[in-house]
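The lines below spell out each chain.
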Amino acid sequence: MATVPETTVESAVSLRDVRRRYDRGEPVDALAGVSLDLPRGSYTAVMGPSGSGKSTLMNVVGLLDTPTDGAVTIGGTDASSLSESERARVRGAEVGFVFQTFNLMPRLTALDNVALPMVFAGVPRPERRERARRLLERVGLGDRLDHLPNELSGGQRQRVAIARALANDPAILLADEPTGNLDSATSDAVLALFDELHTEGNTVLLVTHERAVAEHAERIVHVLDGRVERVETLRR
Amino acid sequence: MDLGESVGMSLSAIRGHKLRSGLTVLGVVIGITAVITFVTLGGSLQAGLVGDLGGEGASNVNVWSSPTEVSGPPGAGAQPVFTDRDVRELDRQQDVRQVVARGTVRLSTVSDGNDTVALQQATAYGRSYFAPDDLREGRSFRQGADEAVLNPAAAALFEDELRAGDTLTLALEDGREVDVRVVGVLDTSTAQDPFEGFTQGPRVYLPTDPFYERVVTGPTSGDPERVYQTLFVIADGPEQVGGVRERTLTYLAEESDAATLVAPNVEFVAQTNEQLLDQVRDILDTLTAFVTGVAVISLVVGAIGIANIMLVSVTERTREIGIMKAVGARDRDVLGVFLTEAAVLGVVGAAVGTVAGLAVGYAGTVFVDLPFVVPWEWGVVAVVVGVLVGVVSGLYPAWNAARTDPIDALRYE
């Protein structure tokens, strides 16, 4: 078990002894005391077998789930004391989700999908369209602004999702099996994009069960039975 | 999240399911169509009557006798009691411009050569009655002449449509036949006086002299005199009409032949056209309340339809709700998106219903030959009702959507 790291101002995300208990007939500890510190600009992968608690960890870091116990700090904000609606606001501002199944709004164009987080953040329309356009250009889709998701390939959809995750300049990019639905060539391109984003200073947390994918990160957190089993630092 | 954004998202969601959305709003469309059609027709009918009875008719007092237990349209139960002397005496009253007697002449048929059609009665007026403006062609009849004026529906009864100058044979109820010259055709088949009702049937108009033949021995004069069922006492102007009505009733009660001739339990009725309009308005108000009741039922059904389809829509879009929450939507944003969508459905239904109602109402006014009046204030009411129906029916589904757990929603297949 890893030692409990000190929370520093440099942390994008910090978990302190986080527990998450589900009551399904009998109590199950999906997270049984996890402490984790993600420094700003770091690239971390989370690996673990199914049922290890890595999904719950993602949900807690992304403020979709609330810990039964323990503290979560994200972008300098202590999330444990927030109301539901404040958590939604912080989630929109500080967390950028990238999902295995892309999760784009099917009836919105690529541009509107990327602009959506800015809609809820209250960014004025001209400004968010301009920023969405620049983000789509950044991920190489400057010529697909007005395409609907079903008019795009899997790799292109995931690029739109990544652009959307960057919309509000979040403290952390949370990628849950981002290459799980892509062929290997497309996967490589998407992972190369994450590498670039990391190089540009973004903080990335990537959940995967593939060693090859996890090795793009600076370190790998191995999770088992709701605990951090070990943290592996990679040298490149 | 601002309203424009919600409306935009709603419209794209609705466009995604055109047929379903269309069927969903059908209840609202039908309810609103019914009300708008009816208020259009009602308003147009009123405007038509105001046009007919208001303008120059505003100076008229319509007089008839009616058994006290009879209620109904103007002239219901009218008995022939007003003598020629009564007409002359009323004509001399203060502020009275003229008095026009009206009676019906019983017929069996009318013929144009060998072309015979059944017609039960003709309307007889004292004086020439019709102004040149009322006539499509020819002139009004003259008293004492064998002349007739037809409305367009009557002129069209015959194979060769009758024109001014043609000759018509009237078969009277008692079997006699009289030839009359058609001297004029009216420009419309609508009612020419308040006693004719609102139908547009064929009508033949005659001078009382010589065609109206109900005669009694005048109680005052002792000579044979015609007796009429109804009179129009026309005041010098609309301002005098109230006083003329009072004096008419006083005369009828105290000095008239009619007071002698009238049966017991029959009273005189003198009604201004304004009073008539009030009666029509009362009837219309009652009908409007009834149609509104029917429409409310339709709107309730419509609201249930919208609520149902919104519940389906929320379930179908569970994953989208998860996405919205993942990118920072608060519960009230999600609530707003779905409420807006329900409200938009309601407004679209109301708008379509309003247009359809106006179209049906317009067709109705053309058919019955009434002026078309657009009930603007009801258009506003319809849209407000549409929003209300949408919001009320969308509340529960939207609340369901808002409290969806984003983790489950993102996993939803």
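Residues numbered from 1 in each chain as written. Chains lettered and ligands numbered in written order. Predicted model: local features only at pLDDT ≥ 70, side-chain atom pairs only at ≥ 80, totals over all residues. Heavy atoms only, no water.

- The name an unreviewed UniProt entry gives chain B is ABC transporter permease, with Halomarina rubra as the organism.
- Turning to chain B, the UniProt annotation filed under Sequence similarities (unreviewed entry) states: "Belongs to the ABC-4 integral membrane protein family."
- Heading Subcellular location (unreviewed entry) of the UniProt record for chain B holds this comment: "Cell membrane". (UniProt positions renumbered as here; feature names shortened; annotations may be inferred.)

- An unreviewed UniProt entry lists chain A under the name ABC transporter ATP-binding protein, with Halomarina rubra given as the organism.

### Quick notes on the overall build of chain B
So, step 1. Looking only at helices and strands, one finds 13 helices and 14 strands in chain B.
So, step 2. The principal-axis extents of the C-alpha atoms in chain B amount to approximately 105 × 50 × 30 Å.
So, step 3. Across the 413 residues of chain B, 51% fall into the buried class.
So, step 4. Across chain B, contacts joining residues at least 24 apart in sequence account for 76% of those joining residues at least 6 apart. (Helix = DSSP H or I, 4+ residues; strand = E, 2+ residues; numbered from the N terminus. Buried < 20%, exposed > 50% of the residue type's maximum accessible area, 1.4 Å probe, protein only. Contact = heavy atoms within 4.5 Å.)

### Here's the deal with the sheet that holds strand β1 (residues 11-24) of chain A
Residues and elements named next belong to chain A.
So, step 1. With respect to topology, four strands assemble into an open sheet ordered β2-β1-β4-β5, the strand pairing being antiparallel. Two strands close off the open sheet at either side, each with one partner strand: β2 (26-39) and β5 (77-78).
So, step 2. Two strands pair when backbone bridges link them, and strand β4 (residues 69-74) and β5 are joined in this way by two bridges, in the antiparallel orientation. Directly across from I74, in β5, lies its bridge partner T77. (Pairing = 2+ DSSP bridges.)

### Describing the interface of chain B and chain A
So, step 1. Each side of the interface is counted separately: chain B has 23 residues, and chain A has 23 residues.
So, step 2. Roughly 2,100 Å² of surface becomes buried between chain B and chain A when both sides are summed, with 63% attributable to carbon and sulfur atoms.
So, step 3. Considering only the side of chain B, the residues that lose the most area to chain A are I323, V327 and I407 of chain B, jointly responsible for 25% of the buried surface there.
So, step 4. One can count two salt bridges joining chain B with chain A.
So, step 5. Put simply, chain B and chain A have five residue pairs in polar contact (both at pLDDT 80 or more) between them.
So, step 6. Elements with a minimum of two residues in the side of chain B that touches chain A: α1 (3-16), α10 (318-326), α11 (331-368) and α13 (406-411) of chain B.
So, step 7. If one sorts the elements of the side of chain B that touches chain A by residue count, α10 of chain B sits on top with six residues.
So, step 8. Residue composition of the side of chain B that touches chain A, by class: 11 nonpolar, four polar and eight charged. (Buried area = accessible area lost by both parts, 1.4 Å probe. Salt bridge = Lys/Arg side-chain N within 4 Å of Asp/Glu carboxyl O. Polar contact = N/O pair within 3.5 Å; in protein donor to acceptor, adjacent residues only side chain to side chain. Nonpolar A, V, L, I, M, F, W, Y, C, P; charged D, E, K, R; others polar.)

### Section: the UniProt feature "domain: ABC3 transporter permease C-terminal" (unreviewed entry) in chain B
So, step 1. Here the UniProt-annotated "domain: ABC3 transporter permease C-terminal" (unreviewed entry) positions come out as residues 294-406 of chain B.
So, step 2. Split by type, residues 294-406 of chain B is 87% helix and 0% strand. Its first and last C-alpha atoms lie 42 Å apart.

### Thoughts on the confidence of the model for chain B
Detailed reading of the predicted model is not advised wherever pLDDT is low.
So, step 1. Looking at chain B as a whole, the pLDDT averages 86, with 97% of positions reaching at least 70.
So, step 2. Looking at the elements of chain B, mean pLDDT is at its lowest for helix α3 (residues 26-54) of chain B, recorded as 81, and at its highest for α10 of chain B, recorded as 94. (pLDDT = per-residue confidence, 0-100.)

### Some points on the nonpolar core
So, step 1. Counting residues in each nonpolar core, the largest one holds 67 residues, and the members touching the most others are L15 and L57 of chain A together with M324 and F338 of chain B.
So, step 2. Apart from the residues lying within four places of it in its own chain, the contact partners of L15 of chain A are V34, S35, L36, L57, V61, A71 and V72 of chain A.
So, step 3. Judged by nonpolar contacts, the second largest core, of 45 residues, contains V81, L107, V110 and A270 of chain B. (Core = buried A, V, L, I, M, F, W, Y, C linked by side-chain atoms within 4.5 Å.)

### Quick notes on the environment of A78 of chain B
Residues and elements named next belong to chain B.
So, step 1. Inspection of the secondary structure assignment puts A78 in the loop between β1 (60-67) and β2 (82-83).
So, step 2. Residues A78 and V360, 282 residues apart in the sequence, show an inter-C-alpha distance of 37 Å.
So, step 3. With residues near it in sequence (within four places) discarded, A78 still touches W64, S65, Q229 and T230.

### Quick look at the packing of α11 of chain B against helix α12 (residues 376-402) of chain B
All names here are of chain B.
So, step 1. It is the contact of α11 with α12, at a shortest axis distance of 6 Å, that shows an interaxial angle of 150°. Along this stretch, α11 crosses α12, giving a crossing that reads as right-handed.
So, step 2. The residue inventory of the contact of α11 with α12, partitioned by class, reads 17 nonpolar, six polar and one charged. (Axes fitted to C-alpha atoms, helices over the stretch in contact; angles between N-to-C directions. Left-handed = near helix turned anticlockwise from the far one by under 90°.)

### Focus: empty space enclosed by the protein
So, step 1. If you walk through the whole model with that rule in mind, you get four cavities of 30 Å³ or more.
So, step 2. Lining the largest cavity we find 13 residues, and of these M105 and R107 of chain A together with M9, S12 and E320 of chain B sit closest to its centre.
So, step 3. Elements supplying a minimum of two residues to the lining of the largest cavity: α1, α10 and α11 of chain B.
So, step 4. With four residues, α1 of chain B is the single largest residue contributor to the lining of the largest cavity.
So, step 5. A breakdown of the residues in the lining of the largest cavity according to their chemical character gives seven nonpolar, two polar and four charged. (1 Å grid on protein atoms, 1.4 Å probe; cavity = no way out; pocket = protein on both sides within 12 Å on 5 of 7 lines; lining within 4 Å. Points joined across faces, edges and corners; volume = space filled by probe spheres on them.)

### Notes on the layout of surface pockets
All names here are of chain B.
So, step 1. Roughly 720 Å³ of volume is contained in the second largest pocket.
So, step 2. Residue lining of the second largest pocket: 30 residues in total, with T104, V105, R106, Q121 and A122 positioned closest to the centre.
So, step 3. Looking at the lining of the second largest pocket, the elements that each hand over two or more residues are β3 (96-112) and β5 (121-125).
So, step 4. The greatest single-element share of the lining of the second largest pocket, amounting to four residues, is contributed by β3.
So, step 5. For the lining of the second largest pocket, the per-class residue count stands at 12 nonpolar, nine polar and nine charged.

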